[in-house]
Amino acid sequence: IQIKDNKIFLLFVVNIPYQKTELDSNLSVGVDLGIIVPACCALSEGAARLSIGDKESLLKQRLQMQNRRKRLQRHLKITTGGKGRNKKLKALNGLEAKEKHFVQTYNHLLSHQIVKFAKHHRAGCIKLELLEGFGEDEKNKFFLRNWSYFQLQTMIGYKAEREGIKVTYIDPYHTSQTCAVCGHYEQGQRETQAEFICKNSDCTNKGTDGMNFKINADYNAALNIAKSSKF
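Residues numbered from 1 in each chain as written. Predicted model: local features only at pLDDT ≥ 70, side-chain atom pairs only at ≥ 80, totals over all residues. Heavy atoms only, no water.

1. Considering the packing of aromatic side chains
In the structure shown here, the tally under the stated rule is one aromatic pair. Aromatic side chains Phe 102 and Tyr 106 sit 6.0 Å apart centroid to centroid with 45° between the ring planes, which places their arrangement in the tilted category. Taken together, the positions of Phe 102 and Tyr 106, both in helix H2 (residues 83-120) and four residues apart, correspond to about one turn of that helix. Assigned by exposure class, Phe 102 and Tyr 106 land together as buried. The ring of Tyr 219 has Arg 49 lying over it, and the distance from NZ or CZ to the ring centre is 3.5 Å. (Phe/Tyr/Trp six-rings, centres within 6.5 Å; stacked < 30°, edge-to-face > 60°. Helix = DSSP H or I, 4+ residues; strand = E, 2+ residues; numbered from the N terminus. Buried < 20%, exposed > 50% of the residue type's maximum accessible area, 1.4 Å probe, protein only. Lys NZ or Arg CZ within 6 Å of the ring centre and 35° of its normal.)

2. A short note on helix H4 (residues 149-162)
For H4, spanning 14 residues, the distance from its first C-alpha to its last is 20 Å, which sits close to the expected 20 Å at 1.5 Å a residue. Every buried residue of H4 is listed here: Tyr 149, Gln 151, Leu 152, Gln 153, Met 155, Ile 156, Lys 159 and Ala 160. Positive phi shows up at Gly 164, right after H4, with a value of about 80°. (Expected span 1.5 Å × (residues − 1).)

3. Section: the side chain of Thr 168
Tracing the backbone shows Thr 168 in strand E7 (residues 166-170). Setting aside anything within four residues of it in sequence, one finds Thr 168 in contact with Cys 125, Ile 126, Lys 127, Leu 128 and Phe 231. (Contact = heavy atoms within 4.5 Å.)

4. Topic: the pattern of salt bridges
Following the criterion strictly, the structure yields one salt bridge and no others. For Glu 163, the salt bridge is made with Lys 119, and the minimal N-O distance between the two is 3.2 Å. One end of the pair, Glu 163, is in the loop between H4 and E7; the other, Lys 119, is in helix H2, with 44 residues separating them in the sequence. Since its relative accessible area comes to 22%, Glu 163 is described here as partly exposed. (Salt bridge = Lys/Arg side-chain N within 4 Å of Asp/Glu carboxyl O.)

5. Points about the environment of Ser 25
Turning to its location among the elements, Ser 25 is positioned in strand E3 (residues 24-33). The exposure class assigned to Ser 25 is exposed, which follows from its relative accessible area of 64%. Residues Ser 25 and Ala 123, 98 residues apart in the sequence, show an inter-C-alpha distance of 6.7 Å.

6. A few points about the confidence of the model for the protein chain
Mean pLDDT over the protein chain works out to 79, with 77% of the residues at or above the 70 mark. Contacts of residues 133-145 to residues separated by more than four positions or lying in other chains number 17 contacts, the stretch itself having pLDDT below 50. (pLDDT = per-residue confidence, 0-100.)

7. Some words on the sheet that holds E3
Pairing is mixed in the open sheet, where five strands are placed in the order E5-E4-E3-E6-E7. The sheet terminates laterally at strand E5 (49-52) and E7, the two strands that pair on one side only. Strand-to-strand twist across the sheet, computed as the mean angle between neighbouring axes with direction ignored, equals 25°. Pairing analysis gives four bridges linking strand E4 (residues 39-43) to E5, with the strands arranged antiparallel. Looking at the pairing, Cys 40 lines up with Ser 51 of E5. (Pairing = 2+ DSSP bridges. Axes fitted to C-alpha atoms, helices over the stretch in contact; angles between N-to-C directions.)

8. Digging into a nonpolar patch on the surface
Residues Ile 1, Ile 3, Ile 8, Leu 10, Phe 12, Val 14 and Ile 16 make up a contiguous nonpolar surface patch of roughly 900 Å² in combined accessible area. Its location among the elements puts Val 14 in the loop between strand E2 (7-9) and E3. Residue class for Val 14 comes out exposed when judged on its relative accessible area of 51%. (Patch = residues over 30% accessible without salt bridge, like charges linked within 9 Å, V, L, I, M, F, W, Y side chains within 5 Å. Areas by Shrake-Rupley, 256 points an atom, 1.4 Å probe, with all protein chains shown as cover.)

9. A look at helix H5 (residues 217-227)
In terms of burial, H5 is a largely internal element, ten of the eleven residues being buried. Taken as a whole, H5 has its buried residues at Ala 217, Asp 218, Tyr 219, Asn 220, Ala 221, Ala 222, Leu 223, Asn 224, Ile 225 and Ala 226.

Have a look at this one:
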């Protein structure tokens, strides 16, 4: 029993039985993490794909919280002391806690959907990019401007383990600039953040007019990750 803010909570543990899914160890799900689409999933075989989240809803929440923080910080600069300053500091700390909760909740949603997609298609492995350049301090913070990818990957890891799905990390080098159909790499193939077109004239990904198809850039990257063996 826990008492918090004049409320009484009963905390208890339940054992929820579930039916274990037979997984295909040769089938992988590649996950591309981004800003336009927070997470895009693709199977190493077949056309199944899943895009989770969108830029607009994410940025709306970010900008609202960031603007509120800036206003509070400006007011704190002109408040010398006393109850007024303490009240504003309390509000600022409360907003920081709300930001952390928002990021954590959003990452729980993304990780749940990714593992659910892999389980539904009986994929035995989820492949993620090894994102380097993060120190320990950055890993344990919640960023709104720079998304908390490390926290998301951690959540995917333990949720996948619960389902018997293996999580591996691959080299992210050129995954967004390489054609997932023919394997051709060339700078500038990702024409925009949303579109990818292979510049290999011999690529089999062509239309009836002989021109190469434009495909979703996030899906192309996720497919490269799913097929990658550069662990």
